[in-house]
Each structure stands twice: as structure tokens, then as C-alpha cells.
Amino acid sequence: MKKFTCVQDIGDLREAVAEALEIKRDRFQFTGLGRNRTLLMLFFNSSLRTRLSTQKAAMNLGMNVMVLDVTQGAWKLETERGVVMDGDKAEHLLEAIPVMGSYCDVIGVRSFARFRDKAEDYEERILEQFIRHSGRPVFSMEAATRHPLQSFADLITIEEHRRVERPKVVMTWAPHPNALPQAVPNSFAEWMNAADYDFVITHPEGYELAPEFVGRARVEYDQRKALEGADFVYAKNWAAWADPNYGKVLSRDRSWTVDDEKMALTNDAFFMHCLPVRRNMIVTDSVIESPRSLVIPEAANREISAQVVLKRLLEGLQ
Ligand SMILES: NCCC[C@H](NC(=O)CCC(=O)O)C(=O)O
Ligand SMILES: NC(=O)OP(=O)(O)O
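Bear in mind that the values here come from a model prediction, so they are computed numbers and not experimental data.

Trainee: I'd like to hear about the pairing of strand β8 (residues 168–173), residue by residue, with values.
Mentor: Burial analysis of β8 places six of its six residues in the buried class, the great majority of the element. Residues of β8 alternate between two faces, with Lys168, Val170 and Thr172 on one and Val169, Met171 and Trp173 on the opposite face, all of them buried. Bridging between β8 and strand β9 (residues 198–202) involves five bridges; their strand directions are parallel. Paired with Val170 across the strands is Val200, a residue of β9.

In C-alpha cells:
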């Protein structure tokens, strides 16, 4: 594998899940693979799970790991070409990327949507520059439009817990005080469509996701109706995608919060969320603490999804 930014990069999903479960059985069986190889993880945004689980996965493979919080301690980076750099930004991304590439073998990048310009976000201009100019295999640790390490961990978690061949998976919008990116819901939709589950998306009007991510999913505006018979409930907030409201919060309606009454409509569904989660906005204390909540095993599977990806990237190095 040469890069990992979307579901297509992982290839056959059954094979990927089988490899993940094999790694989970013994996560130290490939410790020689990363010997004398260096991973650089770059964070333009905050992280708890991605930072720790990816570092742990790299260590399981015997890699050396460097982590840089780009916004803390490094020079402030200019990202636009053609700008006269007479302001507060001391370094251009076009020098910083190849320099960072020269110190490592694999690069992970976290760079959220900035909501300044929809085209800039949806063309993945930051991530694409790393792919073009670093000279290294690049993987996404949540970019502007997708969070594939999360979606892969979500898929593994569903495969471990499903009771039927083709479970009903419902992704529901839920309220949040701030404008959050569409990366997690876009990516989850992309992976659920690829997995060919019975996949339903529910959200208030105005929160439609980009059609290329919705794909074959059924969109149901009535949350209660959508939840009927669900085997998995995947909650997430996102800001509006559709024009003219791109990046805006249109609703903080707490009648969309996932609570016990909503979960009672389901087929005794499992509850999922990528974390971090705002309790009693997205989901009630009772639901997230219930035995049907998978949020902790789901987060634990981030180590496994990262390890499959790093293993394949290492195997792809000359
Ligand atoms: N990586 C998982 C989610 C990251 C991000 N959440 C956040 O920024 C939450 C921040 C807050 O709740 O203030 C998102 O939704 O894409
Ligand atoms: N789910 C997830 O990516 O968490 P972090 O933002 O803490 O890395």
C-alpha cells in the first residue's frame, strides 16, 4: 500500500478485517517489520485516541515514532502559494513537507476541515500536498473530508458484534454546541456502503451530506422511524455541508439526543461513537454507560486498524 486516505486504499474489506483480527490475536507477531523505520505523526488539530493508538500500533511493529504538534513549538506555516510572507507565518508548507519527509519513512497527517472554503476542504489541499511533496507514504489521521482509521476501527467493531449477516446500521446526527467537520460521518458512510450493510442516515433537514458519501444509503428525516429495528446506532454531530450553509450550525435541537427511549425503538442495538463525545448533548449518560455501549472497545480497535495500515505501508516500502 502506498497511501491510506479513503476506503479504496485498503482494498478488499473482508481481507482487511481478517488481517485485523489476526493482528488482534497477537499484535506483536510483526515486530521486525518496522525495525529502523521511522513514523512521523503530524497534528494540525487536537487528538487523544489517534495520537496514542497510532503510536502504540507503530511500536507494536517495532517502529521509531516522532510526533509533532504543528501548532505548538514549530514555526507557523503558510499553506497558500503566491502569498507575500510578511505576516506572522515564518515557513511555507512547501519547504516544511519535504524537510519532514527527509527525516522519516512514513507520515501520518491530521488536518481538519477549516470551513473557510468548501473547495479547499473537499479537494483535501493540505493532505494532497503531503502526498505530492513528502516523498513518503502518507496516511490520514483525519483529514478535511474523511477519517479512515476511525471508520476501519468501526467496521472491525461491527464485525465483532454483529448477530446477523447484514446488520441494520443507523448513523444519526445529534446536537453539539460547535461546528464540527463532516469527516467522520462522510467516512463512516463510505465504509458502510462498501461493507454493504443495511445502512440508514438520519438527520434534520439541511444536514444532507455530500452525495458521493451518502451513496446508496437510505436517508430518513424522522429519527425515530430510522432507529426502528437498528442493530447498531452510530451517533455523530456534523455541521451543514450544503450551500449556502457550509460549515454552519443550523440546529442544537436536543430532541435528537440519543437516549434510552430512542434506543428502545431499536433491535437491542449497540451504541457507537468515535469519541470525544459531549454527554447529554449527543448521548445521555445512561446510554453511553449501558452494556450496549461499544465506545471503549471501538476506541481500543483504533490500535488494530492503525496497525493493519502501518503494516501494509511498511510492506509497500522498497
Ligand atoms: N476524531 C474524532 C472527532 C474529531 C472532531 N471532534 C471534535 O472536534 C469535538 C470537539 C468538541 O467536542 O469540542 C470531529 O468531529 O471531527
Ligand atoms: N476518534 C478520534 O479520532 O479521537 P481523537 O480525536 O482523540 O484522536
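Trainee: Which residues make up the packing of aromatic side chains, and what values go with them?
Mentor: Within this structure, the stated rule accounts for 12 aromatic pairs. A connected cluster of aromatic rings, assembled from ring pairs, spans Phe115, Tyr122, Phe213, Trp241 and Tyr246. Over the aromatic face of Phe30 sits the side chain of Lys311, whose NZ or CZ is 4.7 Å from the ring centroid.

Trainee: Summarise a nonpolar patch on the surface; cite the residues concerned and give the values.
Mentor: A contiguous nonpolar surface patch, about 280 Å² in accessible area, is contributed by Met66, Val99 and Tyr103. Counting through the fold element by element, Met66 comes out in strand β3 (residues 64–69). Residue classification places Met66 among the partly exposed residues on the basis of a relative accessible area of 34%.

Trainee: If you had to explain the site of ligand 1 to someone new, which residues and values would you point to?
Mentor: Within the structure, ligand 1 sits among Arg110, Phe112, Glu142, His147, His176, Asn178, Leu180, Pro181, Lys236, Cys274, Leu275 and Arg278. One nitrogen or oxygen atom from the side chain of Arg110 is found 3.4 Å from a nitrogen atom belonging to ligand 1. In the environment of ligand 1, an oxygen atom lies 2.5 Å from a nitrogen or oxygen atom belonging to the side chain of Arg278. Contact with the protein chains covers 81% of the free accessible surface of ligand 1, which is 420 Å².

Trainee: Please set out the environment of Val184 residue by residue, giving values where relevant.
Mentor: With respect to the helices, strands and loops of the structure, Val184 is situated in helix α7 (residues 183–195). Separated by 40 residues in the primary sequence, Val184 and Ala144 have C-alpha atoms spaced 9.5 Å apart. The residues touching Val184, leaving out its near neighbours within four places in the chain, are Glu142, His147, Tyr234, Lys236 and Cys274.

Trainee: Can you tell me about the site of ligand 2, naming the residues and giving the values?
Mentor: Near ligand 2 you find Ser47, Leu48, Arg49, Thr50, Arg110, His147, Gln150, Cys274, Leu275 and Arg302, and these make up its full shell. For ligand 2, a nitrogen atom lies 2.9 Å from a polar atom in the backbone of Cys274. In the complex, 93% of the free accessible area of ligand 2, which totals 250 Å², lies under the protein chains. A class-by-class count of the residues in the shell around ligand 2 yields three nonpolar, four polar and three charged.

Procedures and definitions
Residues numbered from 1 in each chain as written. Chains lettered and ligands numbered in written order. Predicted model: local features only at pLDDT ≥ 70, side-chain atom pairs only at ≥ 80, totals over all residues. Heavy atoms only, no water. Buried < 20%, exposed > 50% of the residue type's maximum accessible area, 1.4 Å probe, protein only. Helix = DSSP H or I, 4+ residues; strand = E, 2+ residues; numbered from the N terminus. Pairing = 2+ DSSP bridges. Phe/Tyr/Trp six-rings, centres within 6.5 Å; stacked < 30°, edge-to-face > 60°. Lys NZ or Arg CZ within 6 Å of the ring centre and 35° of its normal. Patch = residues over 30% accessible without salt bridge, like charges linked within 9 Å, V, L, I, M, F, W, Y side chains within 5 Å. Areas by Shrake-Rupley, 256 points an atom, 1.4 Å probe, with all protein chains shown as cover. Salt bridge = Lys/Arg side-chain N within 4 Å of Asp/Glu carboxyl O. Near = heavy atom within 4 Å. Polar contact = N/O pair within 3.5 Å; in protein donor to acceptor, adjacent residues only side chain to side chain. Contact = heavy atoms within 4.5 Å. Nonpolar A, V, L, I, M, F, W, Y, C, P; charged D, E, K, R; others polar.

Remember that the coordinates give geometry; whether it matters functionally is a separate question.
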